[in-house]
Amino acid sequence: MSNRPTGRSTGRPGPGRARLALALAALLGGGVLTVLPAQAAPAAADGLSVQYRTSAGGATADQTEPWLKVRNTGSSPVQLSQVKVRYYFKADSPSDTYRFACSWAVRGCSVVTGTFGTLGNPTATADRYLEIGFTQAAGTLAPGADTGDLQLRFHRANWQTLRQSDDYSFNGAQTSYANWDKVTAQLAGATVWGAAPEGNDPTDPTDPTDPTDPPGGGQSLFDDFDYSSHTDPAISAHGWNVRANSGGPGVPGATWDPSKVTFVSAGGNSVMNLETSTAGTGASTTHTEVLTRATKFRNGTYAARVKFSDAPKSGPDGDHLVQTFFTINDLKAPMADDYAEYDFEYLPNGGWGEPANILYTTSWETYNPEPWQAVNQHSEQRRSYAGWHDLVVTIDDSAITYYVDGQHFGTHDAQYLPERPMSINFNQWLIDLNGQTSTAPRAYDQQVDYVLHVKDQVLTPAQVAAKVAGYRNAGTGFVDEVPAT
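My aim in this report is to walk through the structure given alongside it, one point at a time.

What to know about the overall build of the protein
Here is step 1: For the protein, the helix and strand inventory stands at two helices and 31 strands.
Here is step 2: Residue pairs at least 24 apart in sequence account for 74% of intrachain contacts in the protein once pairs closer than 6 positions are excluded.
Here is step 3: Accessible surface, the protein: about 18600 Å² in total, of which carbon and sulfur atoms supply 51%.

Written out as structure tokens, the structure is:
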């Protein structure tokens, strides 16, 4: 049993992982969560072939560049959304994660998806695969036609050099397109081209599936945070509020300073920067928060790419800092059972009784401010999360599930499902001034690359990445289709 923080609304220590036996007091309203639709069987076709070449032929490289063409070798049109192509490789270390990108495609990168999977039966040359798919917008492939160039690439998430000479599907000598049977192609789930590494038939039921196509439907909110400053009129026009009002959580007497919300370039994208600073007193402390004005978000998928910081950008370290991405609604009365809050909270220097860095995900049913009583469930990892991270939380009619960098972080019970819509929030604030007693000025940054919500649909982290890539490849910096409640 470990101490656990409350939500943003109070900033006081909770009672640990206590779960009070409260029944859900109201049936969930709103739209019923949809299951991603199964694809219909395609028109009859004889098969596919895949051509391959590489534009990075060295034994090692910064990134692997498998360029592909998919050809319809049959006599009937093929729906490209029915096609999956797998490229097999050996991870450079068991803990490595990888990032996919489409550099250019004849049909447009926005219709190309990519995700990574793990083989059920690893071999000496393959324990992972990159699976390439197509959205419905890719259309059909006529008999005898091919997709044209798919100029693809992937790299280690930390950008360290990778070794590709030991990868099953790699051929450094193949610098012109030619048929290549060390990649596989599936059509509507049936393998029609190539040979997988031994013991890893893509249609083997023991082989884990990892769908990549963004699903149809599901009204979405997406924001790339491409603004000039906190006074940019587009911020308000897009439904955001940069907080300036006083109050909690955090250090008494602190202010919420909208001028400390800025927009900078990072990795080729505009990102939102939240700065929190202090000189060791309440009056010198400034917090930052950006939130949607509308409370219209409930079931579905929430995702953001967030950069946490372990150290200040200036001044002495050690403050009890909280860096967050969360959804929340208001507590109408103590222990009101229609309260809801779902948090990612990173404490780089500990706090709430923790001595060092820790990441929490927490699902809230309710709480009582005075005397303190809380009903929540949380998951935690005690390690550094400094750097960029992909954060995803999904809410359906049975559970709340959290992911960090594509990996499952925790699943929380139906008792904690929301009964009213919520807002979407980011903030950075100090719990107290006990972690660092210096009066020297210091400042901390938290950055946000994008935010995504898809109403009433559960997306995998791979589907989130594909949907975000689709928006960016199409030049879409903002969209809000989510209806008001």
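Digging into the packing of aromatic side chains
Here is step 1: Overall, the coordinates contain 26 aromatic pairs when judged by the stated rule.
Here is step 2: Ring centres of Tyr-52 and Trp-180 lie 5.7 Å apart, and the angle between their planes is 25°; on these two criteria the pair is classed as stacked. Taken together, the residues span a long stretch of sequence, with Tyr-52 in strand 1 (residues 48–54) and Trp-180 in the loop between strand 12 (178–179) and strand 13 (183–187) at a distance of 128 residues.
Here is step 3: A relative accessible area of 0% means that Tyr-52 is categorised as buried.
Here is step 4: The interplanar angle of 70° and the centroid separation of 5.6 Å between the aromatic rings of Phe-116 and Phe-154 together place this pair among those described as edge-to-face. Taken as a pair, Phe-116 in strand 7 (residues 112–118) and Phe-154 in strand 10 (residues 150–156) lie far apart in primary sequence, 38 residues in all. The same class applies to Phe-116 and to Phe-154, which are both buried.
Here is step 5: In textbook terms, an aromatic cluster arises when at least three aromatic residues are bridged by ring pairs, as seen for Tyr-52, Tyr-87, Phe-89, Tyr-98, Phe-116, Phe-154 and Trp-180.
Here is step 6: The lysine or arginine in question, Arg-86, covers the ring of Tyr-129, its NZ or CZ lying 3.9 Å from the ring centre.
Here is step 7: Here the basic side chain of Lys-182 rests over the ring of Tyr-168, its NZ or CZ set 5.2 Å away from the ring centre.

Quick notes on the state of the cysteines
Here is step 1: Tallying each qualifying case throughout the model produces one disulfide.
Here is step 2: The residue that forms a disulfide with Cys-102 is Cys-109, at a sulfur-sulfur distance of 2.1 Å. Here Cys-102 and Cys-109 share a disulfide; its torsion about the S-S bond, -70°, makes the bridge left-handed. Each of the two residues, Cys-102 as well as Cys-109, counts as buried.

Section: the pairing of strand 23 (residues 341–347)
Here is step 1: Of all seven residues in strand 23, seven are buried; the element is thus mostly enclosed.
Here is step 2: Here strand 23 runs beside strand 24 (residues 358–368); their pairing, made up of seven bridges, is antiparallel. From the neighbouring strand, Asp-343 faces strand 24, where its bridge partner is Thr-362.

Comments concerning the sheet that holds strand 1
Here is step 1: The five strands lie next to each other as 6-10-3-1-12, forming an open sheet whose pairing is antiparallel. A strand with exactly one partner marks an edge of an open sheet, and here the two such strands are strand 6 (98–105) and strand 12.

Considerations on the nonpolar core
Inside soluble globular proteins, nonpolar side chains tend to come together where they are buried.
Here is step 1: Among the nonpolar cores identified, the biggest contains 39 residues, and Phe-225, Trp-240, Met-272, Tyr-302, Phe-325, Ile-400 and Phe-426 are the most heavily contacted of them.
Here is step 2: In contact with Phe-325, not counting residues within four places along its chain, are Tyr-302, Ala-303, Ala-304, Val-306, Tyr-342, Asp-343, Phe-344, Leu-391, Ile-424, Asn-425, Phe-426 and Val-451.
Here is step 3: Counting residues in each nonpolar core, the second largest holds 33 residues, with Val-50, Ala-91, Phe-154 and Phe-170 among its members.

Here is what the cut-offs are and how they apply
Residues numbered from 1 in each chain as written. Predicted model: local features only at pLDDT ≥ 70, side-chain atom pairs only at ≥ 80, totals over all residues. Heavy atoms only, no water. Helix = DSSP H or I, 4+ residues; strand = E, 2+ residues; numbered from the N terminus. Contact = heavy atoms within 4.5 Å. Areas by Shrake-Rupley, 256 points an atom, 1.4 Å probe, with all protein chains shown as cover. Phe/Tyr/Trp six-rings, centres within 6.5 Å; stacked < 30°, edge-to-face > 60°. Buried < 20%, exposed > 50% of the residue type's maximum accessible area, 1.4 Å probe, protein only. Lys NZ or Arg CZ within 6 Å of the ring centre and 35° of its normal. Disulfide = S-S within 2.5 Å. Pairing = 2+ DSSP bridges. Core = buried A, V, L, I, M, F, W, Y, C linked by side-chain atoms within 4.5 Å.

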